[in-house]
Every structure is written in C-alpha cells, then in structure tokens.
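# Examination of the molecular architecture
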Amino acid sequence: MSLFSLGLAVLRRDLLAAARRGSEWSNPLVFFIMVCALFPLGIGPQPERLAELAPGILWVVALLASLLASDTVFRSDYDDGTLEQMLLSHQALYPQVIAKTLAHWLLSGLPLSLLSPLLGVLLHLPMAGMGALMASLALGSAVLSFIGAIGAALTVGLRKGGLLLSLIILPLYIPVLIFGSSAVKSAVEGGLYLPQLAMLAVFFLVSLALAPLAICGALRISVDQ
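These numbers were taken from a predicted model, which means no experiment stands behind them. (Residues numbered from 1 in each chain as written. Predicted model: local features only at pLDDT ≥ 70, side-chain atom pairs only at ≥ 80, totals over all residues. Heavy atoms only, no water.)

### Focus: the overall build of the protein
Note the following rule: Only runs of H or I of at least four residues qualify as helices and only runs of E of at least two qualify as strands under DSSP, and these elements are numbered from the N terminus. Summary of the burial criterion: residues with accessible area below 20% of their type's maximum are buried, those above 50% are exposed, and those between are partly exposed, where the area comes from a 1.4 Å probe applied to protein chains only. Contacts between residues were defined by any pair of non-hydrogen atoms, one from each residue, lying within 4.5 Å. Where accessible areas are quoted, they stem from the Shrake-Rupley method and a 1.4 Å probe; at the residue level, only the protein chains shown are allowed to cover. When charges are counted, neither His nor the chain ends are considered; positive counts come from Lys and Arg and negative counts from Asp and Glu. A single reference atom marks each charge: NZ on Lys, CZ on Arg, CG on Asp, CD on Glu.
Helix and strand counts for the protein come out as nine helices and zero strands. For the protein, the sequential pattern of α-helices and β-strands runs α-α-α-α-α-α-α-α-α. C-alpha atoms of the protein, sized along the principal axes, occupy 55 × 35 × 30 Å. Per-residue burial over the protein gives 46% buried out of 225 residues. For the protein, the share of sequence-separated contacts (at least 6 apart) that also reach a separation of at least 24 residues comes to 80%. Carbon and sulfur atoms make up 71% of the accessible area of the protein, which totals about 10,900 Å². The centroid of the 11 positive side-chain charges in the protein is displaced by 4 Å from the centroid of its 11 negative side-chain charges.

### Overview of unusual backbone geometry
Of note in this structure, His-124 is not a glycine but carries a positive phi near 60°. Residue placement: His-124 occurs in the loop between helix H6 (93-122) and helix H7 (130-155).

### Looking at the UniProt feature "transmembrane region" (unreviewed entry) in the protein
This is how the line gets drawn: UniProt positions are given in the numbering used here, feature names are shortened, and annotations may be inferred rather than shown by experiment.
Listed under "transmembrane region" (unreviewed entry) in the UniProt record, and renumbered for this structure, are residues 28-44, 56-74, 102-125, 137-158, 164-185 and 197-221. Within residues 28-44, the helical portion is 94% and the strand portion 0%, while the C-alpha atoms at the span's ends are 25 Å from each other. Within residues 137-158, the helical portion is 86% and the strand portion 0%, while the C-alpha atoms at the span's ends are 30 Å from each other.

### Topic: the nonpolar core
Put simply, the test is: Each nonpolar core is a collection of buried residues, namely Ala, Val, Leu, Ile, Met, Phe, Trp, Tyr and Cys, held together in the definition by side-chain atoms within 4.5 Å.
Residues Phe-32, Leu-58, Trp-59, Leu-125, Leu-133 and Tyr-173 are the most contacted members of the largest nonpolar core, which totals 32 residues. Elements represented by at least two residues in this core include exactly helix H2 (23-43), helix H3 (47-70), H6, H7, helix H8 (162-188) and helix H9 (194-224). Element by element, the count of residues in this core is highest for H3, at ten residues. Setting aside residues no more than four positions away along its own chain, Phe-32 makes contact with Leu-58, Val-61, Ala-62, Leu-112, Leu-115, Ser-116 and Leu-119. Among the nonpolar cores identified, the runner-up in size contains 14 residues, and Leu-83, Leu-93, Ala-152 and Ala-153 belong to it.

### Re the pattern of salt bridges
For the record, the criterion: For this analysis, a salt bridge means a side-chain nitrogen from Lys or Arg found within 4 Å of a carboxyl oxygen belonging to Asp or Glu.
If you walk through the whole model with that rule in mind, you get five salt bridges. The closest approach of N and O atoms between Arg-13 and Asp-77, which form a salt bridge, is 3.6 Å. With Arg-13 in helix H1 (residues 3-21) and Asp-77 in helix H4 (residues 75-79), this residue pair connects regions lying 64 residues apart in the sequence. Here Arg-13 falls in the partly exposed class, since its relative accessible area comes to 35%. Note on Asp-77: relative accessible area 3%, which makes it buried. A salt bridge links Lys-100 to Asp-77, with the shortest nitrogen-to-oxygen separation between them at 2.2 Å. On the criterion of sequence distance, the pair formed by Lys-100 in helix H6 and Asp-77 in helix H4 is long-range, its members being 23 residues apart. In this structure, Lys-100 and Asp-77 share a single accessibility class: buried.

### Brief notes about the environment of Ser-2
Residue placement: Ser-2 occurs in the segment before H1. Between the C-alpha atoms of Ser-2 and Gln-91, which are 89 residues apart in sequence, the distance is 9.6 Å.

### Overview of the packing of H6 against H9
This is how it is decided: The axes used here are C-alpha line fits, helices contributing only the stretch in contact, and every angle between their N-to-C directions lies in the interval 0 to 180 degrees. Angle categories are assigned with fixed cut-offs, so that under 35 degrees is roughly parallel, over 145 is roughly antiparallel, 65 to 115 is roughly perpendicular, and the rest are oblique. For this classification, the nonpolar set comprises Ala, Val, Leu, Ile, Met, Phe, Trp, Tyr, Cys and Pro, the charged set comprises Asp, Glu, Lys and Arg, and every other residue, Gly included, is treated as polar.
At a closest axis distance of 9 Å, the pairing of H6 and H9 adopts a crossing angle of 105°. As far as their axial angle goes, H9 and H6 are roughly perpendicular. Here H6 contributes Leu-93, Tyr-94, Val-97, Ile-98 and Thr-101 to the contact with H9, which in turn contributes Leu-208, Ala-209, Pro-212, Leu-213, Ile-215, Cys-216, Leu-219 and Arg-220. For the contact of H6 with H9, a count of residues per class yields eleven nonpolar, one polar and one charged.

### Quick word on a nonpolar patch on the surface
Filter applied, for reference: Like charges are joined within 9 Å and nonpolar side chains (Val, Leu, Ile, Met, Phe, Trp, Tyr) within 5 Å, but only among residues with over 30% relative accessible area and no salt bridge; these make up the patches.
A cluster of nonpolar side chains, Tyr-94, Val-202, Val-206, Leu-210 and Leu-213, forms an exposed patch at the surface whose accessible area comes to about 430 Å². When residues of the nonpolar patch are assigned to their parent elements, the largest contribution, four residues, is made by H9.

### Focus on H1
Test applied: One less than the residue count of a helix, multiplied by 1.5 Å, gives the span that helix is expected to have. This arc corresponds to the set of directions leading from the helix axis out to the C-beta atoms.
Over its 19 residues, H1 extends 27 Å from the first C-alpha to the last, a length consistent with the 27 Å expected when each residue adds 1.5 Å. All of the buried residues along H1 are Leu-6, Gly-7, Val-10, Leu-11, Asp-14, Ala-17 and Ala-18. All buried residues of H1 fall inside an arc of 135° around its axis, so they share one side. Of the exposed residues in H1, the ones pointing more than 90 degrees away from its buried face are Phe-4, Ala-19 and Arg-20.

In structure tokens form, the structure reads like this:
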C-alpha cells in the first residue's frame, strides 16, 4: 500500500467513525455558537462596540473550540488498542498521523470557518471582514489542529490530561491568534490583510511538514509508558 493510499484509508476510517459518534464534530460547533451568542448579552447590544470586538471574539472562541476538540484526536484509538497496533505495525506512521490530524480539522476547524459568517452577522461584523474571517479561520484552524495533535499525543496516556493539554498548547496558539484576528481587523478597516494570511499559510506549511514528526515521537513516548 502506498503512503497516499494508507493516509487516505485512515482519513476515511476516522471520518466514518466520527460520523457515527456525532459528538466529536458537534460539540465544538455548539460551543462556538453558544459562547458567541453570549457576548451580546454580556457586553451590550450596541452594534458599534460589537463590531469593534468581533474579530477578537470570533477568533478567541474558535481557538477555544479547537482546543476543546483536541483531546479526542487519539483518545478513541488509544482506548481500543488501535493506536498501539499502529505503532507496532510495519506501516509508516507519518502519513497516518497527517490523515488523523486532517480528519480532526475537517470535523472541527473547517465547519467553524464555514459557520463563522453567520456568527459574524450576530456580532455586527462588517461585510468587508467576512472573507478574511473565513480564510483566516480555515488556515489558522488547520495550524491549531496540528499543534493540538502534538499536545494530544503527549497526554493521550493520561486519565485527566485536559488541563495539561491546555497548558502545553495554548502558548503555541498565540501567534496564530494574533495574525488571524489582525487579518480580519485589517479587512474591516479597508487595509491589506493578505500579508497576515500569507503568514498563516507559512505556519500551515511548517506545521504540515514538522508537526507529524513531533506527534510520532510523542505517541511512542506516551504508549511506551
């Protein structure tokens, strides 16, 4: 089996398994909607104030929603022994890790980016910022998925690794948050936002190349404990 076929098979299996369970892809979306809906109640319904805060609000809540889903990347495979079989088999681990991380992004990050314009309307985000919001969330959430997968691999063997996972990966999320929210704010103000999107694309390419290596090493450490 070629590396591409192996990765595609793992991606298909994870998507089908998540579709049967439902909670893996629905929980981040419900969290995203509920928290964004609370902000107009907490800070007031003034359109100007909401529009000013909307880029930061949407990006922070999307980041937390991605963090909420990160713990599930390898959890089910660890619990049923599939992860150990992956490590013991002679098949390459690198494409399998990439496929599992991309499945996580397709189930959490991509739906968040597609849903974000509706919540942008709720927060009175100007239409000029909608395209930058979707593009920055699509790229940024992919980077968040790879970073989150590193933390998930390090804590997969722990019974209550959620807090440790947050402490490990939240500092690594900060550059993505800065460039993502800055892109939306620049678009709203009529400025250039392509440089910020270019930086997010660079982050994605670097994480696509290097993060799977860290994930493979972390999984071997966690399973061998």
